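Residue strings, one per chain:
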Amino acid sequence: MEIKVLGSGCPKCKLLEKNVVDTLEKLGKKADVQKVTDYVDIAKFNVMSTPALVIDGKVVVTGRIPNPDELAKLLK
């Protein structure tokens, strides 16, 4: 599983990245988690608001931090 957290490095973006790593650990799953901060790379995903979460090339969340239950469902 390849996961990308898209964002400029703001507190919400950092929180989403931390939540993703923590949730993966709770689920006992391993994944390649990447932080994408370059605006050109973020634009390639057609994301207009960050933070955003991309799982295996598909944008699943934009402009918000999913709650723990939603995040766990997305990462299963």
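Since the structure is predicted, the reported quantities are computational estimates derived from the model, not experimental observations. (Residues numbered from 1 in each chain as written. Predicted model: local features only at pLDDT ≥ 70, side-chain atom pairs only at ≥ 80, totals over all residues. Heavy atoms only, no water.)

Draft legend 1. Examining the confidence of the model for the protein chain more closely. In the predicted model, the protein chain carries a mean pLDDT of 95, and the fraction of residues at 70 or more is 100%. Mean pLDDT across the elements of the protein chain ranges from a minimum in helix H2 (residues 39-43), with 94, to a maximum in strand S3 (residues 52-55), with 98. (pLDDT = per-residue confidence, 0-100. Helix = DSSP H or I, 4+ residues; strand = E, 2+ residues; numbered from the N terminus.)

Draft legend 2. Expanded view of the sheet that holds strand S1 (residues 2-6). One open sheet holds the 4 strands; their spatial order is S2-S1-S3-S4, and the pairing between them is mixed. Two strands in the sheet have a free side with no partner beyond their single neighbour: strand S2 (32-36) and strand S4 (58-62). Shown here is a sheet whose adjacent strand axes are inclined to one another by a mean of 20°, direction ignored. Pairing between S3 and S4: 4 bridges, direction antiparallel. (Pairing = 2+ DSSP bridges. Axes fitted to C-alpha atoms, helices over the stretch in contact; angles between N-to-C directions.)

Draft legend 3. Highlighting unusual backbone geometry. Each neighbour pair has its own omega, and for Thr50 with Pro51 the value is 5°, a cis peptide bond. Tracing the sequence through the fold places Pro51 in the loop between H2 and S3. At Asn46, a residue that is not glycine, the phi angle is positive and equals roughly 55°. Turning to its location among the elements, Asn46 is positioned in the loop between H2 and S3. The class for Asn46 is exposed, based on a relative accessible area of 65%. (Buried < 20%, exposed > 50% of the residue type's maximum accessible area, 1.4 Å probe, protein only.)

Draft legend 4. View of the side chain of Lys4. Within the secondary structure, Lys4 sits in strand S1. Buried charge Lys4 goes without a salt bridge, the closest partner of opposite sign being Glu2 at 4.2 Å. (Lys, Arg positive; Asp, Glu negative; His and termini not counted. Salt bridge = Lys/Arg side-chain N within 4 Å of Asp/Glu carboxyl O.)

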